[in-house]
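Coordinate analysis (summary)
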Amino acid sequence: MDVSTIKVGTPVTAGLGKLFQTHGLSLKTVVLFDEHTRKLFGDALFETLREEGFQWKELVVPAREASKSFNAAYRLYSLMIEADVDRSWNLLACGGGVVGDLGGFIAASYFRGIPVIQLPTTLLAMTDSSIGGKVAINHPHGKNLIGFFHIPELVLIDPAYLRTLPKREIFGGMSEVVKYGFIADEAFLSFLDSHFNDIVQLKEPFLTEAVRKSADTKADVVKKDFRETTGLRATLNFGHTFAHGLEKLAEYRHMRHGEAVSIGMVCALFLSRNLGYLDQASLEKGLSILGRFRYPRGLVKRRFIEVDSSELLENMLSDKKKLDKKLRFVLLKKLGEAFLLEKNVENEAVIQAIDNAKQFFKGKNPY
Ligand SMILES: NC(=O)c1ccc[n+]([C@@H]2O[C@H](COP(=O)([O-])OP(=O)(O)OC[C@H]3O[C@@H](n4cnc5c(N)ncnc54)[C@H](O)[C@@H]3O)[C@@H](O)[C@H]2O)c1
Ligand SMILES: [Zn+2]
C-alpha cells in the first residue's frame, strides 16, 4: 500500500509548482478553506500560487463541524461545476480536520474523483486527520458515517502555521501526539515527556520533531494495515473507546476530541494494568505524562470527575464503533506497544478503570 508523500518544513509551500509537477499534479487547483484559515493564510497562499504559475478557484466554508455535511458538499460541487472545474484539476485543503475531511470527501466524489492535497493547519490535522486517506462527512445519526478512503497525493505540513492556533487546540492535538508514543515508540514517549512544555509552547526544533515523528508513525501504521484488517490500524484508537463515550456524554460540545482522548488514555492505562498486561512502573510513567495536560479552568477535568462511571459505560456502548454491543479496547503491553484486545472485557473492569482515572484526576493516589 502506497501512502502519501509527506513533506514537513517551513515554508512548506516553497517550490510548490515543481512539487506538484513531479507528483503528476496539474497547476489547476481548487483551494478549500474555512473562514479562519482563509483569513489567516489565504492571501499568502494565493501569492505563492501566483508566483508558482497556478490557476486556482477559492472556496470557503464556515469554521465549524457542521460544515462536514451533505449540504455544504452540495453547495461546493455547484460552485466547482459553475467554475468549469473538471477532472484535470485537483483540490488543496487548507485547514483543520474539518476542512481536510470535507475537502477529501469532495475530491473523492467530484467527477468520480480528483486528487487531493492536504495542507493541515491544526496540530490534530498535521499529526492525524490529514494522513491515512479517511475522508467523510457527518450524518444526523452520527459523525463520519458517509465517506471514502481517498489518499492524498501530498501532505504538506508547516508547523509555523500553529502560531495562531489557540492553546486549547494545541493541547487537543497533543493528545494524539502522545498517543503515538504510547502505541508505537517508547523513545518518542520519553522525548515527549522531556519536552512537553517546549512542544506546547511551539519551541523548535522540538515542535517540528514531534510533528514529523507523529505524522510518520500514523503513515506507517496506515501503510501496514490500510483497511483495518489486522488490528494494527485499530491501535490508533488507543484511549478512544473511553473518549467516544465521554464526547457523547458531553453532547460533543463541552469537550474537545483531544481532551476526551487524553482522559481516555488515562482510563486505558489503568485498564491495561488492571487486566495484567502493563506493569506498575509503566503505568506510573504514562500517568505522569498525561498529568501534564492542562485544559481551561479545570473544567474538562471537573466534568470527568463528576461523571457517573456506569453512565459513561452506557455511553461507550452506544457509540457507533461497537461491534455486537461488545466494546473493543486497545491496551498496552508496554510503553510503545499496543494491541487490540480480542476478548470481551467485563463491565466491572471498565468501571474500575474509570474509577481509577477519576481518582487520578482528583489528585488522590489511585494506584
Ligand atoms: N480523517 C481522519 O482520519 C480524522 C482523524 C481525526 C479527526 N478527524 C476529524 O477532524 C475534525 C477535527 O479537526 P480539528 O481539530 O483540526 O478541528 P477544526 O478543523 O474544526 O479546527 C479547529 C479550529 O481551529 C481553527 N484553525 C485552524 N487552523 C488554525 C490556525 N493555524 N490558527 C488559528 N486557528 C486555526 C479552525 O478554523 C477551527 O475554528 C473532526 O471533524 C474529526 O472528525 C478526522
Ligand atoms: Zn483521535
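A few points about the pairing of strand 7 (residues 142–149)
Pairing of strand 6 (residues 134–139) with strand 7 involves five bridges; the strand directions are antiparallel. Considered in strand 7, the bridge of His139 is made with Gly142. The loop that links strand 6 with its antiparallel partner strand 7 comprises two residues.

Considering the site of ligand 1
Taken together, 26 residues surround ligand 1, and among them Asp34, Glu65, Thr121, Thr122 and Thr164 come closest. Side-chain polar atom of His36 to an oxygen atom of ligand 1: 2.8 Å apart, as the coordinates give it. When ligand 1 sits alone it has 870 Å² of accessible area, and the protein chains cover 86% of it. Broken down by secondary-structure element, the contributors of at least two residues to the shell around ligand 1 are helix 2 (35–51), helix 4 (97–109), helix 5 (123–129) and strand 7. If you tally residues by element for the shell around ligand 1, the top one is helix 2, at four residues. Residues that form the shell around ligand 1 fall into these classes: seven nonpolar, nine polar and ten charged.

Remarks on the coordination of the zinc ion (ligand 2)
The protein atoms that coordinate the zinc ion (ligand 2) are Glu176 (OE), His240 (NE2) and His257 (NE2), at distances spanning 2.0 to 2.2 Å. For the zinc ion (ligand 2), the single-chain donor residues occur in sequence as E-x63-H-x16-H. Here Glu176 is found in helix 6 (residues 167–184), whereas its partner His257 is found in helix 10 (residues 257–274), with 81 residues between them in sequence. A relative accessible area of 0% means that Glu176 is categorised as buried.

So, the packing of aromatic side chains
Aromatic ring pairs: the centre-centre distance and the angle between the two ring planes describe each pair. Here the structure, examined in full by the defined rule, presents 17 aromatic pairs. Here the aromatic rings of Phe242 and Phe329 are separated by 5.3 Å at their centres, their planes lie at 45°, and the arrangement is tilted. With a gap of 87 residues between them, Phe242 in helix 9 (residues 240–249) and Phe329 in the loop between helix 13 (309–317) and strand 9 (330–334) connect regions that are remote in the sequence. Of the two residues, Phe242 and Phe329, neither departs from the other in class, the shared state being buried. Taken together, Phe33, Phe46 and Trp56 form an aromatic cluster joined through their ring pairs. Seen from the ring of Phe339, Lys333 lies directly overhead, with NZ or CZ sitting 5.2 Å from the centre.

Re the packing of helix 6 against helix 8 (residues 206–224)
In a packed pair of helices, the relevant descriptors are the angle between the two axes and the axis-to-axis distance. At a closest axis distance of 9 Å, the pairing of helix 6 and helix 8 adopts a crossing angle of 55°. Between helix 6 and helix 8, the angle falls in the class oblique. Viewed along their axes, helix 6 and helix 8 form a crossing whose handedness is left-handed. Of the residues in helix 8, those touching helix 6 at Val177, Tyr180 and Ala184 are Ala210, Ser214, Thr217 and Lys218. Here the contact of helix 6 with helix 8 is built from residues that sort into four nonpolar, two polar and one charged.

Rules used in this analysis
- Residues numbered from 1 in each chain as written.
- Chains lettered and ligands numbered in written order.
- Predicted model: local features only at pLDDT ≥ 70, side-chain atom pairs only at ≥ 80, totals over all residues.
- Heavy atoms only, no water.
- Pairing = 2+ DSSP bridges.
- Helix = DSSP H or I, 4+ residues; strand = E, 2+ residues; numbered from the N terminus.
- Near = heavy atom within 4 Å.
- Polar contact = N/O pair within 3.5 Å; in protein donor to acceptor, adjacent residues only side chain to side chain.
- Areas by Shrake-Rupley, 256 points an atom, 1.4 Å probe, with all protein chains shown as cover.
- Nonpolar A, V, L, I, M, F, W, Y, C, P; charged D, E, K, R; others polar.
- Donors = N, O, S within 2.8 Å, 3.2 Å for Na, K, Ca; no water.
- Buried < 20%, exposed > 50% of the residue type's maximum accessible area, 1.4 Å probe, protein only.
- Phe/Tyr/Trp six-rings, centres within 6.5 Å; stacked < 30°, edge-to-face > 60°.
- Lys NZ or Arg CZ within 6 Å of the ring centre and 35° of its normal.
- Axes fitted to C-alpha atoms, helices over the stretch in contact; angles between N-to-C directions.
- Parallel < 35°, antiparallel > 145°, perpendicular 65-115°, else oblique.
- Left-handed = near helix turned anticlockwise from the far one by under 90°.
- Contact = heavy atoms within 4.5 Å.

By themselves these figures say nothing about function.
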